[in-house]
Amino acid sequence: RAKMGKKHWSSLEIILLVLFLLMTIVAITMIVLFVTGEPGVISDDSTDGFVPQCPNIPLAERVDCYPDAGASMLGCEQRGCCWAPLDERNVPWCFFPTNHGYTVHSVQSPNSYELHAEMKRMASPSLFGADIQELTLHAEMQTSNRLHFKIYDSKSKRFEVPHEHIRTVKSNPTSPISDTLEITNNPFGLTVRRKENKKVLFDTTMAPLVFADQYIQLSARLPSHNIYGLGEHVHQRYLHDTNWRTWPIFTRDAFPNGGTHNLYGHYPFFLCLEDESGKSFGVFLLNSNAMEVTLQPAPAVTYRTIGGILDFYIVFGDTPELVVQEFLELIGKPVIPTYWSLGFQLSRWNYGNLTEVKATVERNRAVDLPYRQETQTTTLSVRTRYEGWSKSSTDSLSDRDGL
């Protein structure tokens, strides 16, 4: 009787077998992910059994725990937040409980004008992962009308804006910080008051602080709906709409086409008129990362940014003009424009080449427009690879000669 020999696998059969095993493993992994969680939800074994403490608060004070798309009951609960759907579309259905955020475990006051606190993250699920576990708060009264506080990673250095003027500003405090700033320990929050009448101006105890590697969020209750500023966008009026409006702030080369689109400037400053007395204050977040600012009818403001630290300056004044003056003392006064820039200027996108630019200049001269050569502005379309001045083509802008 013939003996059966061992089967010899060909190279093709081995490759196909390996591919089959890999696809089986991937399929099993996808099934497990589908059964146990949702995309965009970070699970944390250390918070199994977490029960959110959902506050009974007005709808206007809900702070969104699911600002990204695709909010669902399952996703909300996996973030440890509160789910309460409504007929109202603008109000968040998924909002923060009171047992998220950080707790303060030590507070020091080197002198009557400064405050230093250390805090740790509370055991709770994560929104997007990579939460910073230990944070530091440093606050100081720089002048009688300017409070500075920043919140940053206690262990690792993160990017801070190297502003050329703010670094040179000198402190000259005259009132103790306790007259203006109050810290809540569990969960962490801070309350800024006007020292003259103790009116609350900026209260972050309404929602927890979120501080992850690439997602930072802070909310604060404000004293009135009279909010102005933030940019750069096309605003239909100076007074902001606080009915759940979100404004993105990230510099982008785009023409002003309305809506809430972010434009050229990055200006995370707003002024709030407190009441009919005219007393006002301004809030400046020194952070250059992409961010968005949401205004809600509490009234309240929520900042969300994807990097850096929270570096706030709050300035006080008896009038809006005094607030602006105090703010300019911090960031520097505007430069006086050059004389030639005050005249007629012409700028256009998509000049095809240098010949077209010269023809435009000559047309203006021919009709005796009050026109100066220095203010004929061109933009990216005439450059090579978006360079400022290209020398790679004889028919492109090679230098300023002839303009």
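If you're wondering where the values come from, they're calculated on a predicted model, not measured in any experiment.

**Student:** Can you explain the pattern of salt bridges? Please cite residues and give values.
**Tutor:** Scanning all chains against the criterion turns up 19 salt bridges. Between arginine 158 and aspartate 213 there is a salt bridge, and its shortest N-O distance comes to 3.1 Å. A residue pair is termed long-range when its members are at least 10 positions apart, and arginine 158 in the loop between strand E6 (146-153) and strand E7 (181-184) and aspartate 213 in the loop between strand E10 (210-212) and strand E11 (215-221) qualify at 55 residues. A relative accessible area of 13% places arginine 158 in the buried class. Given a relative accessible area of 39%, aspartate 213 falls into the partly exposed group. Lysine 279 is paired through a salt bridge with aspartate 318; the nearest N and O atoms lie 3.0 Å apart. Taken together, the residues lysine 279 in the loop between strand E14 (267-273) and strand E15 (280-285) and aspartate 318 in the loop between strand E18 (310-317) and helix H3 (320-331) connect sequence positions 39 residues apart. Note on lysine 279: relative accessible area 23%, which makes it partly exposed. What emerges from the salt-bridge pattern is a single network uniting Arg194, Lys195, Glu196, Glu274, Lys279 and Asp318.

**Student:** Which residues make up the state of the cysteines, and what values go with them?
**Tutor:** Per the stated rule, a full pass over the model turns up 3 disulfides. Disulfide pairing is shown between cysteine 65 and cysteine 81; the S-S distance is 1.9 Å. On the S-S bond that ties cysteine 65 to cysteine 81, the torsion sits near 45°, and the link is right-handed. Of this pair, cysteine 65 sits in the loop between helix H1 (11-36) and helix H2 (73-78) while cysteine 81 sits in the loop between H2 and strand E1 (82-83), and the two are 16 residues apart along the sequence. The same class applies to cysteine 65 as to cysteine 81, namely buried. Each sulfur in the disulfide pair cysteine 76 and cysteine 94 lies 2.2 Å from the other. Classification of the bridge connecting cysteine 76 and cysteine 94 rests on its S-S torsion, roughly 90°, and on that basis the disulfide is right-handed. Placement of cysteine 76 in helix H2 and of cysteine 94 in strand E2 (residues 94-95) is noted, with a sequence separation of 18 residues between them. For the pair cysteine 76 and cysteine 94, a shared accessibility class is recorded, and that class is buried. Ordering the disulfide-forming cysteines of the protein chain by sequence position, one finds them joined as 1-5, 2-4, 3-6.

**Student:** Summarise the pairing of E6; cite the residues concerned and give the values.
**Tutor:** Extensive coverage of E6 is indicated by the burial of 7 of its 8 residues. The hairpin turn running from strand E5 (residues 134-143) into E6, its antiparallel successor, is 2 residues long. In terms of strand pairing, E6 meets E18 through 6 bridges, oriented antiparallel. Note that in E18 the partner of lysine 150 across the bridge is aspartate 311.

**Student:** Could you give me a rundown of the environment of serine 112, with the residues and numbers involved?
**Tutor:** The residue serine 112 is located in the loop between strand E3 (102-108) and strand E4 (114-121) in this model. Separated by 61 residues in the primary sequence, serine 112 and proline 173 place their C-alpha atoms 9.6 Å from one another. Sequence-distant contacts of serine 112, defined by excluding residues within four places in its chain, comprise Pro176 and Ile177.

**Student:** Break down a nonpolar patch on the surface for me, citing the residues and quoting the values.
**Tutor:** On the surface, Trp9, Leu12, Ile14, Ile15, Leu16, Leu17, Val18, Leu19, Phe20, Leu21, Leu22 and Ile25 cluster together into a nonpolar patch covering about 1,200 Å² of accessible area. Topologically, leucine 21 is positioned in helix H1. On the basis of relative accessibility, which here comes to 46%, the residue leucine 21 falls in the partly exposed class.

**Student:** Before we move on, could you go through the environment of leucine 147 and cite the residues and values that matter?
**Tutor:** Mapped onto the secondary structure, leucine 147 falls in strand E6. Judged by its relative accessible area of 0%, leucine 147 is buried. Through-space distance from the C-alpha of leucine 147 to that of leucine 181 is 8.5 Å; in sequence the pair is 34 residues apart. In contact with leucine 147, not counting residues within four places along its chain, are Glu140, Met141, Ile177, Thr180, Leu181, Val192, Phe312, Tyr313, Ile314 and Phe316.

**Student:** Lay out the confidence of the model for the protein chain in plain terms, naming residues and giving numbers.
**Tutor:** With 86% of its residues at a pLDDT of 70 or more, the protein chain shows a mean pLDDT of 85. With pLDDT under 50 throughout, residues 37-45 is counted as low confidence; its partners more than four residues away or in other chains account for 16 contacts. A low-confidence stretch, residues 394-403 stays under pLDDT 50, and its non-local contacts, those more than four residues away or across chains, total 22 contacts.

Cut-off values and rules
- Residues numbered from 1 in each chain as written.
- Predicted model: local features only at pLDDT ≥ 70, side-chain atom pairs only at ≥ 80, totals over all residues.
- Heavy atoms only, no water.
- Salt bridge = Lys/Arg side-chain N within 4 Å of Asp/Glu carboxyl O.
- Helix = DSSP H or I, 4+ residues; strand = E, 2+ residues; numbered from the N terminus.
- Buried < 20%, exposed > 50% of the residue type's maximum accessible area, 1.4 Å probe, protein only.
- Disulfide = S-S within 2.5 Å.
- Pairing = 2+ DSSP bridges.
- Contact = heavy atoms within 4.5 Å.
- Patch = residues over 30% accessible without salt bridge, like charges linked within 9 Å, V, L, I, M, F, W, Y side chains within 5 Å.
- Areas by Shrake-Rupley, 256 points an atom, 1.4 Å probe, with all protein chains shown as cover.
- pLDDT = per-residue confidence, 0-100.

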